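This is what each chain is made of:
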Amino acid sequence: MTALDESRVMALRAQFPQLSRRVHGKPLVYFDNANTAQKPQSVIDAVSGYYRECNGNVARAVHTLGSEATELYEGARDAITRLLNAPSRDQIVLTSGTTQAINLVAYSFLAPRLVAGDEILVSHMEHHANIVPWQLIAERAGARVIAAPINEAGELLLDELAALISPRTRLIGITHVSNALGTINPVAEVVALAKARGVPVLVDGSQAVPHLAVDVTALDCDFYVFTGHKLFGPTGTGALYARREHLAAMPPFFGGGEMIRTVSFTGSTFADPPHRFEAGTPNIAGFIGLAEAIRFVESIGINAIAERERVLRDAALERFAGVEGFRLIGQARQRAPVFSFVIDGVHAHDVATLLDFEGVAVRSGHHCAHPLMQFYGVPATARVSLAFYNTIEELDVFVTALERVRARLR
Ligand code: PLP
């Protein structure tokens, strides 16, 4: 592992065109990476290169453009297999993102098994994408979604989660890293607990893959999902990893071209997984870009990224502690560089709007985590979310900008 020292970080930063733009006349400080990450030039080139050089549809054309496009597109499946250390590329379904992947599991895997009185267990810190699809199928079946509690620090209460697993629990949905708090959940322990009771687990890795090495083979989870745009890739890309036996048992969710074996008016037969779940023309350019994004991460090394981000995380916590009126929401011991905060007496949207005038991009709102906001008794928070390309100097700019915002609002 080559450490990411300042000069390497600056060289890598230079590969992200947007990081050198100005906003309101100030150099952009991009602290909204959990929302979507910036894209390196190699990803932008891969996307435009497809349209420039080999635009053709995948999996159906035998001509040169079609085969070149198919090879590049399928390269994304290989890259994702490596990223997650999945046992086989056939266990990777390409989706438009986490949301589609979870809905696929909900409607194809879980809905057919769900009966009245069943339970789906999630944690109190889930993104709506890991709550609402379960609610929709639960409602139809007369089942219900229940939430495992967290403590004030924003950590999952593992014993309480274990106590909530019952003979009616049909699935556990748990985020690997909280998008609102940065908490890194003990997903291996959750999987072990669930496995002992025969309950399948879906891990939402949307906020994990940009920060941590993920190994679904070691984790032994049933499903792992993530979204590509938070991993320096294009929007509209993502994946579902699933155990082979689950995919084999799952009926199609979307019907259409490319997911069939035979079609007649008396009925159709379907392709094997993963193609059974990939109806229609996909986001070809996007996946070619995602393959490149994963190669980009591999060229740096996810462990070097994680090490760099630990330094940034600790520097951020140190600086936040010195800002008057700054209340950090969630103080988990195991955390990614994602921080929700409120400034006493000021609405989060005002904080984010005024920070934007200082060139600093942070997110404000409920972060698609209403239940979590209710838990902390706040309507919204502002959120700083860092990537490896952020710098200590940017943290200082942020703190100075925040002091100015506070002074203006006093
Ligand atoms: N889960 C988590 C933890 C997220 O942070 C997000 C995005 O913010 C999602 C799910 C949804 O991802 P997407 O909208 O790309 O499907």
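Before reading further, recall that the structure is shown in the block above.
Predicted model only: the values in this text are computed from it and were never measured.

Q: Can you walk me through the packing of helix α12 (residues 348-357) against helix α14 (residues 392-409) in this structure?
A: Between two packed helices, the angle of one axis relative to the other and the distance separating the axes together describe the packing. For the pair α12 and α14, interaxial distance at closest approach is 9 Å and the crossing angle is 120°. Viewed along their axes, α12 and α14 adopt a mutual orientation that is oblique. Along this stretch, α12 crosses α14, giving a crossing that reads as right-handed. Contacts between α12 and α14 involve V351, L354 and L355 from the first element and F398, A401, L402, V405, R408 and L409 from the second. Tallied by class, the residues present in the contact of α12 with α14 amount to eight nonpolar, no polar and one charged.

Q: Any chance you could explain unusual backbone geometry here in plain terms?
A: It is generally the case that most residues other than glycine have a negative phi and that most peptide bonds are trans. Omega for the bond connecting P273 with P274 falls within 30 degrees of zero, at 5°, which places this linkage in the cis form. Along the chain, the position of P274 falls in the loop between β12 (267-270) and α10 (284-300). The backbone of H24 sits at a positive phi, close to 50°, despite the residue not being glycine. Of note, H24 is situated in the loop between β1 (22-23) and β2 (26-27). Look at C368: it is not a glycine, yet its phi comes out positive at around 55°. Note on placement: C368 falls in the loop between β16 (363-365) and α13 (370-376).

Q: Is there a simple way to think about the sheet that holds strand β17 (residues 381-385) in this case?
A: Strand pairing in a sheet relies on backbone hydrogen bonds, with the paired strands running either antiparallel or parallel. Ordered in space as β13-β14-β17-β16, the four strands form an open sheet in which the pairing is antiparallel. A strand with exactly one partner marks an edge of an open sheet, and here the two such strands are β13 (326-329) and β16. The sheet shows a mean angle of 35° between the axes of neighbouring strands, direction not considered. Looking at chain direction, β16 and β17 are connected through three bridges and run antiparallel. Bridge pairing links S364 to A382 in β17. Lying over the sheet, α12 contacts β14 (338-343), β16 and β17, oriented at roughly 160° with respect to β16. The strands touched by α14 are β13, β14 and β17; relative to β14, the strand with the most contacts, the crossing angle is about 20°.

Q: Is there a simple way to think about the sheet that holds strand β8 (residues 201-204) in this case?
A: Sheet architecture is open: seven strands sit in the order β4-β10-β9-β8-β7-β5-β6, paired in mixed fashion. The open sheet terminates on both sides in strands that have one partner only, identified here as β4 (92-95) and β6 (144-148). When the angles between neighbouring strand axes are averaged without regard to direction, this sheet yields 20°. One ladder, built from five bridges, connects strand β5 (residues 119-123) with β6; its direction is parallel. Note on β6: the bridge partner recorded for V122 is A147. Against the sheet, helix α4 (residues 98-110) engages β4, β5, β7 (169-175), β8, β9 (223-227) and β10 (238-242), with an angle of about 150° to β9.

Q: Looking at this model, I keep getting lost on the site of the ligand. Mind explaining?
A: Taken together, 13 residues surround the ligand, and among them T99, D204, Q207, T227 and K230 come closest. Contact distances for the ligand include 2.6 Å between an oxygen atom and a side-chain N or O atom of T99. Taking H229, its side chain carries an N or O atom lying 2.9 Å from an oxygen atom of the ligand. Using a 2 Å cut-off from the grid points, one finds that the ligand occupies the second largest pocket. Grouping the amino acids of the shell around the ligand by side-chain chemistry returns one nonpolar, ten polar and two charged.

Q: What's the story with the pairing of β12 in this structure? I'm lost.
A: The side chains of a regular strand alternate, first on one face of the sheet and then on the other. Here strand β11 (residues 260-264) pairs with β12 via four bridges, running antiparallel. Note that in β12 the partner of V263 across the bridge is S268. Between β11 and β12, which pair antiparallel one after the other, the connecting turn spans two residues.

Q: Teacher, can you tell me more about the packing of helix α11 (residues 302-321) against α14 here?
A: Taken N-terminus to C-terminus, the directions of α11 and α14 make an angle of 25°; their axes are 10 Å apart at the nearest point. Our classification of the angle between α11 and α14 gives roughly parallel. The way α11 lies across α14 gives a crossing that is right-handed. Contact with α11, carried on its side by L312, A315, A316, R319 and F320, involves I392, L395, D396, F398 and V399 of α14 and no other residues of that element. Its residues placed into classes, the contact of α11 with α14 shows eight nonpolar, no polar and two charged.

Q: Just to check I follow, could you spell out the layout of surface pockets for this structure?
A: One water molecule sets the probe size; rolling that probe over the atoms shows where empty space is left. When its volume is computed, the largest pocket comes out at roughly 330 Å³. Lining the largest pocket are 22 residues, with Y73, E278, A279, G280 and P282 positioned closest to its centre. Elements represented by at least two residues in the lining of the largest pocket include exactly α3 (64-84) and β4. Broken down by element, the lining of the largest pocket gets its largest block of residues, four residues, from α3. Each residue belonging to the lining of the largest pocket can be placed in one class, and the counts come to nine nonpolar, eight polar and five charged. The space that makes up the second largest pocket amounts to roughly 270 Å³. If you trace the second largest pocket, you find 21 residues lining it, with T98, H127, S206, T227 and K230 closest to the centre.

Q: Which parts of the structure should I look at to understand the environment of V191?
A: Within the secondary structure, V191 is located in helix α7 (residues 187-196). Remark: the alpha-carbon pair of V191 and L219, spanning 28 residues in sequence, is separated by 7.4 Å. Leaving out residues up to four positions away in the same chain, V191 has contacts with V201, L219, D220 and C221.

Here is what the cut-offs are and how they apply
Residues numbered from 1 in each chain as written. Predicted model: local features only at pLDDT ≥ 70, side-chain atom pairs only at ≥ 80, totals over all residues. Heavy atoms only, no water. Axes fitted to C-alpha atoms, helices over the stretch in contact; angles between N-to-C directions. Helix = DSSP H or I, 4+ residues; strand = E, 2+ residues; numbered from the N terminus. Parallel < 35°, antiparallel > 145°, perpendicular 65-115°, else oblique. Left-handed = near helix turned anticlockwise from the far one by under 90°. Contact = heavy atoms within 4.5 Å. Nonpolar A, V, L, I, M, F, W, Y, C, P; charged D, E, K, R; others polar. Pairing = 2+ DSSP bridges. Near = heavy atom within 4 Å. Polar contact = N/O pair within 3.5 Å; in protein donor to acceptor, adjacent residues only side chain to side chain. 1 Å grid on protein atoms, 1.4 Å probe; cavity = no way out; pocket = protein on both sides within 12 Å on 5 of 7 lines; lining within 4 Å. Sits in = over half its atoms within 2 Å of the grid points. Points joined across faces, edges and corners; volume = space filled by probe spheres on them.

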